[in-house]
Amino acid sequence: MNLSLLQQQLINHWQKDFPLISSPYAQLAKELGSSEAEVLEALKALEQADILSRLGAVFDHKKAGASTLAALMVPEEDLEYVADIVNKFEQVNHNYAREHDYNLWFVVTAADDFILQRVLARIEQLTGLTVLVLPMEKAFHIDLSFQIDFDSKQPLARVN
């Protein structure tokens with residue numbers, strides 16, 4: 001997909017400091033010299049192209065509910081299929097492949113521990129795999145934003 005300048009600006013400039021106001025997309029449009037409708041259309045196109053999977057806040061999980069890091073041991077030939085199943089859960093973010101016996105890692109965030117456990121159980125049911133639950137023992141702040149070099153010939157990363 002060839003990304004418009006507006007789409008590139010939305011990806012690179014709004015991973016942080018998204019305006020927390022009643023009309024955030026109008027504010028983005030104003031700052032980018034665009035219209036609110038164009039911003040919404042650009043975001044919709046990014047989502048439909050599977051470049052943008054989620055637009056939303058990241059909260060301190062201990063103040064906003066329950067969360068955990070989780071991992072699956074997936075046969076290599078099934079990795080994309082299983083990742084697609086896991087990605088269908090709105091409670092899942094930061095889903096990524098790793099070079100490890102447990103080769104699919106993801107974060108699950110839910111309103112409370114009961115819902116969190118239900119999501120993990122449902123993932124096990126749908127994938128037929130046992131979820132390794134890795135609860136946080138110590139908090140670290142990691143900046144999850146990144147700039148994309150749109151001039152390079154590298155494929156686009158999935159932005160969560």
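Residues numbered from 1 in each chain as written. Predicted model: local features only at pLDDT ≥ 70, side-chain atom pairs only at ≥ 80, totals over all residues. Heavy atoms only, no water.

**Considerations on the overall build of the chain**
On a plain count of helices and strands, the chain comes out with 6 helices and 4 strands. When its helices and strands are written in sequence order, the chain yields α-α-α-α-β-α-β-β-α-β. Classification of the 160 residues of the chain by burial places 31% in the buried group. Long-range contacts, defined as pairs at least 24 residues apart, comprise 63% of the intrachain contacts of the chain with a sequence gap of at least 6. On the chain, roughly 10900 Å² of surface is accessible, and the fraction owed to carbon and sulfur atoms is 51%. (Helix = DSSP H or I, 4+ residues; strand = E, 2+ residues; numbered from the N terminus. Buried < 20%, exposed > 50% of the residue type's maximum accessible area, 1.4 Å probe, protein only. Contact = heavy atoms within 4.5 Å. Areas by Shrake-Rupley, 256 points an atom, 1.4 Å probe, with all protein chains shown as cover.)

**Here's the deal with the nonpolar core**
With 20 residues, the main nonpolar core has L72, V86, L104, F106 and I123 as its most contacted residues. Only β1 (66–72), α5 (79–87), β3 (104–110) and α6 (113–127) provide two or more residues apiece to this core. Contacts of I123, omitting those with residues within four sequence positions, involve L72, V86, F89, V92, F106, G128 and V131. Counting 15 residues, the second largest nonpolar core, distinct from the first, contains L28, A29, A42 and I51. (Core = buried A, V, L, I, M, F, W, Y, C linked by side-chain atoms within 4.5 Å.)

**Description of the pairing of β3**
Taken across its 7 residues, β3 has 5 buried, putting it largely inside the fold. Summarising the sheet, β1 and β3 pair through 7 bridges and their orientation is antiparallel. Of the residues in β3, the one forming a bridge with S67 is T109. Across 4 bridges, strand β2 (residues 92–97) lies against β3 in antiparallel orientation. (Pairing = 2+ DSSP bridges.)

**Quick look at the packing of helix α1 (residues 5–13) against helix α3 (residues 36–48)**
Put simply, α1 and α3 touch, their axes get as near as 10 Å, and they point 80° apart. The orientation of α1 relative to α3 falls into the category roughly perpendicular. Residues L6, Q7, L10 and I11 of α1 form the contact with α3, whose participating residues are E38, V39, A42, L43, A45 and L46. Partitioned by chemical class, the residues of the contact of α1 with α3 number 8 nonpolar, 1 polar and 1 charged. (Axes fitted to C-alpha atoms, helices over the stretch in contact; angles between N-to-C directions. Parallel < 35°, antiparallel > 145°, perpendicular 65-115°, else oblique. Nonpolar A, V, L, I, M, F, W, Y, C, P; charged D, E, K, R; others polar.)

**Focus on unusual backbone geometry**
One non-glycine residue with positive phi stands out, namely D17, at about 55°. Relative to the helices and strands, D17 is located in the loop between α1 and α2 (24–32). One non-glycine residue, D50, lies in positive phi territory at about 65°. Looking at the secondary structure, you find D50 in the loop between α3 and α4 (61–64). Relative accessible area serves as the criterion here: at 46%, D50 is assigned to the partly exposed category.

**Re the packing of aromatic side chains**
Scanning all chains against the criterion turns up 1 aromatic pair. Ring centres of F18 and Y25 lie 5.8 Å apart, and the angle between their planes is 70°; on these two criteria the pair is classed as edge-to-face. Residue classification places F18 among the partly exposed residues on the basis of a relative accessible area of 24%. Accessibility expressed as a relative area gives 23% for Y25, which makes it partly exposed. The side chain of R98 reaches across the aromatic face of W105, ending 4.2 Å from its centre. (Phe/Tyr/Trp six-rings, centres within 6.5 Å; stacked < 30°, edge-to-face > 60°. Lys NZ or Arg CZ within 6 Å of the ring centre and 35° of its normal.)

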